[in-house]
Amino acid sequence: MIMEQRLTDEERLTLKTGAFGAVFLVSNADPGVLSVLRESAAASGAFADASGVVKEALTSGPLPRLPRDSALEIESTVLPALTRSVRILSEKSPTEVAAYRSLVLAAADRVARAHAGVAPAEEAVIARIRAALAEPA
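Residues numbered from 1 in each chain as written. Predicted model: local features only at pLDDT ≥ 70, side-chain atom pairs only at ≥ 80, totals over all residues. Heavy atoms only, no water.

1. Notes on the overall build of the protein chain
Alright, step 1. Within the protein chain, the regular secondary structure consists of six helices and zero strands.
Alright, step 2. Of the regular secondary structure in the protein chain, the N- to C-terminal order runs α-α-α-α-α-α.
Alright, step 3. A burial count over the protein chain gives 43% of its 137 residues as buried.
Alright, step 4. Across the protein chain, every contact between residues at least 6 apart in sequence was considered, and the portion connecting residues at least 24 apart equals 83%.
Alright, step 5. If you sum the accessible surface of the protein chain, you get close to 7,400 Å²; carbon and sulfur atoms cover 57% of it. (Helix = DSSP H or I, 4+ residues; strand = E, 2+ residues; numbered from the N terminus. Buried < 20%, exposed > 50% of the residue type's maximum accessible area, 1.4 Å probe, protein only. Contact = heavy atoms within 4.5 Å. Areas by Shrake-Rupley, 256 points an atom, 1.4 Å probe, with all protein chains shown as cover.)

2. What to know about the packing of aromatic side chains
Alright, step 1. By the definition in use, this model includes one aromatic pair.
Alright, step 2. Residues Phe20 and Phe47 carry aromatic rings whose centres are separated by 5.3 Å and whose planes lie at 25 degrees to one another, so their mutual orientation is stacked. Here Phe20 is found in helix H1 (residues 9–29), whereas its partner Phe47 is found in helix H2 (residues 35–47), with 27 residues between them in sequence.
Alright, step 3. Using a relative accessible area of 22% as the deciding quantity, one classes Phe20 as partly exposed.
Alright, step 4. The exposure class assigned to Phe47 is buried, which follows from its relative accessible area of 17%. (Phe/Tyr/Trp six-rings, centres within 6.5 Å; stacked < 30°, edge-to-face > 60°.)

3. Regarding the nonpolar core
Alright, step 1. Of all hydrophobic cores here, the largest spans 36 residues; its most connected members are Val26, Leu82, Tyr100, Val104, Ile129 and Leu133.
Alright, step 2. When residues in this core are grouped by element, the largest group, nine residues, is from helix H5 (residues 97–113).
Alright, step 3. Residues contacting Val104, with those up to four places away along its chain left out, are Ala19, Ala22, Leu82, Ile129 and Leu133. (Core = buried A, V, L, I, M, F, W, Y, C linked by side-chain atoms within 4.5 Å.)

4. Quick look at the pattern of salt bridges
Alright, step 1. Under the defined criterion, the tally for this structure stands at seven salt bridges.
Alright, step 2. For the salt bridge of Arg6 with Glu56, the shortest nitrogen-to-oxygen distance reads 3.3 Å. With a gap of 50 residues between them, Arg6 in the segment before H1 and Glu56 in helix H3 (residues 52–59) connect regions that are remote in the sequence.
Alright, step 3. A relative accessible area of 28% places Glu56 in the partly exposed class.
Alright, step 4. Asp49 is paired through a salt bridge with Arg110; the nearest N and O atoms lie 3.4 Å apart. (Salt bridge = Lys/Arg side-chain N within 4 Å of Asp/Glu carboxyl O.)

5. Here's the deal with the environment of Val118
Alright, step 1. By the element assignment, Val118 lies in the loop between H5 and helix H6 (120–132).
Alright, step 2. The spatial distance from the C-alpha of Val118 to the C-alpha of Asp30 is 8.9 Å, given a sequence separation of 88 residues.
Alright, step 3. Residues contacting Val118, with those up to four places away along its chain left out, are Ala112, Arg113 and Glu123.

6. Some thoughts on H6
Alright, step 1. Counted at 1.5 Å a residue, the expected span for H6 with its 13 residues is 18 Å, and the 19 Å between its end C-alpha atoms agrees.
Alright, step 2. Looking only at H6, the buried set comprises Glu122, Val125, Ile126, Ile129 and Ala132. Buried positions in H6, seen along its axis, are confined to an arc of 115 degrees and lie on one side of it. In H6, the exposed positions angled more than 90 degrees off the buried face are occupied by Pro120 and Ala131. (Expected span 1.5 Å × (residues − 1). Arc of directions from axis to C-beta.)

7. A closer look at the packing of H5 against H6
Two measures define how a pair of helices packs: the angle their axes make with one another and the distance between the axes.
Alright, step 1. Close contact between H5 and H6 brings their axes to 10 Å; oriented N to C, the two are set at 175 degrees. In this view, H5 runs roughly antiparallel relative to H6, as classed from their interaxial angle. Judged by residue contacts, Val104, Leu105, Ala108, Asp109, Val111 and Ala112 of H5 engage Glu122, Ile126, Ile129 and Arg130 from H6.
Alright, step 2. Tallied by class, residues from the contact of H5 with H6 come to seven nonpolar, no polar and three charged. (Axes fitted to C-alpha atoms, helices over the stretch in contact; angles between N-to-C directions. Parallel < 35°, antiparallel > 145°, perpendicular 65-115°, else oblique. Nonpolar A, V, L, I, M, F, W, Y, C, P; charged D, E, K, R; others polar.)

Shown next as structure tokens:
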């Protein structure tokens, strides 16, 4: 029997940083003024599908503070947050790991497709997101 444990505020913020940050990374990979609204709506639609512990993490507490100075700085915050999120869920709520992965990847994909198809830069970012969400070794 799997016992699920409640996430701390810090752990919920880590999950939120990873998920929202992944969307931000994809959106910034191929920026466009008009695409921002479509991409925001696409991400919101994906996040609306969340349930359980993942939904609680994404809808409670403060919004994550993401760096805005450079793509490298953003990635160095978001990708480790995704990896930590998988580790947190594996330890505290293992039944939610697949749901978190699917939700983040669906949101990233929807954002990439929201404006004129998936650009090569967006594909590359999604590949890095997928790698960060992989099972820890």
